[in-house]
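Residue-level listing of the chains:
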Amino acid sequence: MKWIFIDYINYLKYKLWLWKVSWNGCGKGGVIIMFHHVRDDNPATISESCKTTTSEFIEFVNFVVKNRIPVSIDTLLNSVKNVNLNQMVVVSFDDVPDNFYNVAYPILKQYNIPFTLYIATGFMDTEGYLTTEQVKRLATDPLCTIGAHTISHPMLKHHKVNLKEEICNCGKVLEGIIGKPVVHFAYPFGTPTAINRRVINFTKKMSIYKSAVITIPGYVNQYSLKDIFALPRIHSKLYMKKYK
């Protein structure tokens, strides 16, 4: 009975947080779009929600170029109080797989679209992910912003997780590789099933990053910026269906 009560309390907390983020990100504003893989094969190890085909990605890029203003995450955050953000779009990738380098990057480069890469450093130099040399080369491109995404991609709210190691040291590793500050962070999974207010408050308290993103959809505006360490982010397929 005790565990049923605890589960119910956690469920209420989850619904309350969803409501708060959705409310803060409601109305209009800029958007941060999330991608993982851009590839045309269909390996069983990659969930459908994490895969975008090349044609889908090109469709997204064409829409953004013709109808929106693609910007870096710094431009978006620095513009919130001064300009109308309704047309601004930030493109972001999580983890980051090597198909970004081979497929998505040439397309973004062709259309001069800024992008943010939230890199899980423990994935680097492993099969299917960016190499250290690729990260170095990407970081020299003015279109690219390198962000942190932990080391091992854990569910951070679990008490056994070393938050300082995963959140802080990940950024330090990336800074050592690219030779410049890493000031943006993305929580793995990014929902209340994996993070909670304790994790968000820890990230804020460390004063390492300027922003952190979750995966609850919503707009970035003056209201959502009140919680800049839990900024809403929209899955690319959801954006093309409901938000564009």
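This structure is a prediction, so every number in the text was calculated from the model and none was measured.

*Asks:* Describe the overall build of the protein chain, naming the residues involved and giving the relevant values.
*Replies:* Helix and strand content of the protein chain: eight helices and ten strands. In the protein chain, which comprises 244 residues, the proportion classed as buried is 52%. Sequence-distant contacts in the protein chain: of pairs separated by 6 or more residues, those separated by 24 or more amount to 70%. Working note: accessible area of the protein chain is about 12,000 Å², and carbon and sulfur atoms make up 56% of it.

*Asks:* I'd like a description of the pattern of salt bridges, backed by residues and values.
*Replies:* Per the stated rule, a full pass over the model turns up seven salt bridges. For Glu48, the salt bridge identified is with Lys237, shortest N-O distance 3.4 Å. Taken together, the residues Glu48 in the loop between β2 (37-38) and β3 (51-52) and Lys237 in helix α8 (residues 236-243) connect sequence positions 189 residues apart. The exposure class assigned to Glu48 is partly exposed, which follows from its relative accessible area of 48%. Residues Lys136 and Glu133 are paired through a salt bridge, measuring 3.5 Å at the closest nitrogen-oxygen approach. Of this pair, Lys136 and Glu133 both sit in helix α5 (residues 132-139), separated by three residues, roughly a single helical turn.

*Asks:* I'd like to hear about the pairing of strand β6 (residues 115-119), residue by residue, with values.
*Replies:* Taken across its five residues, β6 has five buried, putting it largely inside the fold. Of the two faces of β6, the one carrying Phe115, Leu117 and Ile119 and the one carrying Thr116 and Tyr118 are both buried. Bridging between strand β5 (residues 88-95) and β6 involves five bridges; their strand directions are parallel. The residue bridging Ser92 from the neighbouring strand is Thr116, located in β6.

*Asks:* Tell me about the packing of aromatic side chains, residues and numbers included.
*Replies:* Scanning the model with the defined rule gives 15 aromatic pairs in all. For the pair Phe123 and Tyr129, a centre-to-centre distance of 4.9 Å together with 45° between the ring planes defines the contact as tilted. A centroid spacing of 5.3 Å and a plane angle of 85° characterise the contact between Phe185 and Tyr187, whose relative ring orientation is edge-to-face. For Phe185, a relative accessible area of 0% corresponds to the buried category. Every member of this aromatic cluster is reached through a ring pair, and the members are Phe35, Phe57, Phe60, Phe63, Phe93, Phe100, Tyr101, Tyr105, Phe115 and Tyr239.

*Asks:* With reference to specific residues and values, describe helix α7 (residues 197-205).
*Replies:* Of the positions making up α7, those classed as buried are Val199, Ile200 and Thr203. Angularly, the buried residues of α7 cover 100° about the axis, an arc narrow enough to put them on a single face. When the buried face of α7 is taken as reference, the exposed residues oriented beyond 90 degrees from it are Lys204 and Lys205. Downstream of α7 by a residue or two, Ser207 has a phi angle that is positive, lying close to 55°.

Criteria and cut-off values
- Residues numbered from 1 in each chain as written.
- Predicted model: local features only at pLDDT ≥ 70, side-chain atom pairs only at ≥ 80, totals over all residues.
- Heavy atoms only, no water.
- Helix = DSSP H or I, 4+ residues; strand = E, 2+ residues; numbered from the N terminus.
- Buried < 20%, exposed > 50% of the residue type's maximum accessible area, 1.4 Å probe, protein only.
- Contact = heavy atoms within 4.5 Å.
- Areas by Shrake-Rupley, 256 points an atom, 1.4 Å probe, with all protein chains shown as cover.
- Salt bridge = Lys/Arg side-chain N within 4 Å of Asp/Glu carboxyl O.
- Pairing = 2+ DSSP bridges.
- Phe/Tyr/Trp six-rings, centres within 6.5 Å; stacked < 30°, edge-to-face > 60°.
- Arc of directions from axis to C-beta.

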